[in-house]
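# Commentary on secondary and tertiary structure
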Amino acid sequence: MEKWIGKVALVTGASAGIGQDVALALANAGMIVIGIARRAELITMLSTKVTGTGKIYAKKCDVSNEGEIMETINWIRREFGGVDVLINNAGIYRYQFITQSETSDFRDTFNVNVLATCIFIREVVKDMKAREAYGHIVVLNSMLGQRIPDVSVPLFGVYPASKYALVGLTEVLRQELNFLKMPIKVTSVHPGMVETDMIKVFESKLAERLPKLQAKDITASIIHCLETPPEVRRKQLQLGENLKSIPGVFITVRHCPFCFDGTGGGRGRSWTLRDGPEPLITSKLATLVHRFRQLLVKRFGQKDGTDGTDKHDQSHRHER
């Protein structure tokens, strides 16, 4: 990280989870970090934990509001001269059925997950071009931007659609920057389930036992990408939970941990269960998954969403 010492990093959604962990790691590596979120006071508290040579500056910003984004960008230009590393991390996930969502749910999801990312990228690239600076843009995507698993209760809403949009955005951006011969790297990070505020909707102890990545795992991967030399470009990074354990088995997860039909028939493309040298699905695990499915149905209603309740309409705005 020596090449980034004293350089400026902008981290969106830095008040919790992945954004918070990344902001602290970059500051400890010697970078000047501007962390933005609606809960800026949490970033101010985070700044006291820096042990390295860098600093963290907190800035309140609602990324769903273009006016606040532009005010933040202009403030960074005045105070720091521009951004060298952009970590697009902020996002929202509305846990509900598409067919029972409000138009505002669609609009909010795309405003935060896609439109805000576009605006930050556009403005940061303008500054990098004006300063003829080497830069790096990291977009936090999701495994749901690669594949949508077949689950028992599909409460995905339009979140996967927003993540697929980011796949197209980052690929076009990469080609555009290459065409313009600008020394700016673009990396799209696709983690699986991560232990952050996003998964608080799953309240049961069973959910707690499902394999999950930690924020520090994502941070380490981002640091790895930032450390690569200029001639090395990591276009895309997929992160899965590896060899996490549930009693009785070891599990290698390649995609989403909900890809079971609840009867013990696991879909091998998503899970590899091992008990000894051969893959195995135990009755104990089948029972565990079946009970978890029942809890989901009880909480969010029947799979077809016709039970007349609105318990599924859980809205979760978060900074990852």
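Here's what I pulled together on the structure shown here.

Parameters at a glance
- Residues numbered from 1 in each chain as written.
- Predicted model: local features only at pLDDT ≥ 70, side-chain atom pairs only at ≥ 80, totals over all residues.
- Heavy atoms only, no water.
- Helix = DSSP H or I, 4+ residues; strand = E, 2+ residues; numbered from the N terminus.
- Expected span 1.5 Å × (residues − 1).
- Buried < 20%, exposed > 50% of the residue type's maximum accessible area, 1.4 Å probe, protein only.
- Arc of directions from axis to C-beta.
- Contact = heavy atoms within 4.5 Å.
- Polar contact = N/O pair within 3.5 Å; in protein donor to acceptor, adjacent residues only side chain to side chain.
- Axes fitted to C-alpha atoms, helices over the stretch in contact; angles between N-to-C directions.
- Parallel < 35°, antiparallel > 145°, perpendicular 65-115°, else oblique.
- Left-handed = near helix turned anticlockwise from the far one by under 90°.

Before going further, it helps to spend a moment on helix α3 (residues 66–80). Counted at 1.5 Å a residue, the expected span for α3 with its 15 residues is 21 Å, and the 21 Å between its end C-alpha atoms agrees. When α3 is considered as a whole, its buried residues turn out to be I69, T72, I73, W75 and I76. Buried residues along α3 cover an arc of 160° about the axis, so they all sit on one side. The inward-facing, buried residues of α3 abut β1 (8–12), β2 (32–37), β3 (55–60) and α4 (103–131). Residue N65 occupies the N-cap position of α3, its side-chain oxygen lying 2.8 Å from the main-chain nitrogen of G67.

Axis separation between helix α1 (residues 17–28) and helix α7 (residues 215–227) bottoms out at 9 Å; the angle between their running directions is 45°. Taken together, the axes of α1 and α7 lie oblique to each other. The way α1 lies across α7 gives a crossing that is right-handed. Between α1 and α7, the contacting residues are G17, I18, D21, V22, A25 and L26 on the first element and A215, K216, I218, T219, I222, I223 and L226 on the second.

Moving on, we come to α1. Compared with an ideal rise of 1.5 Å per residue, which puts 12 residues at 16 Å, α1 spans 17 Å between its outermost C-alpha atoms and is within 8% of the ideal. I18, G19, V22, A23, L24, L26 and A27 are the residues of α1 that are buried. Following α1 by one or two positions, G30 has its phi on the positive side, about 105°.

This is a description of form; function is not addressed.
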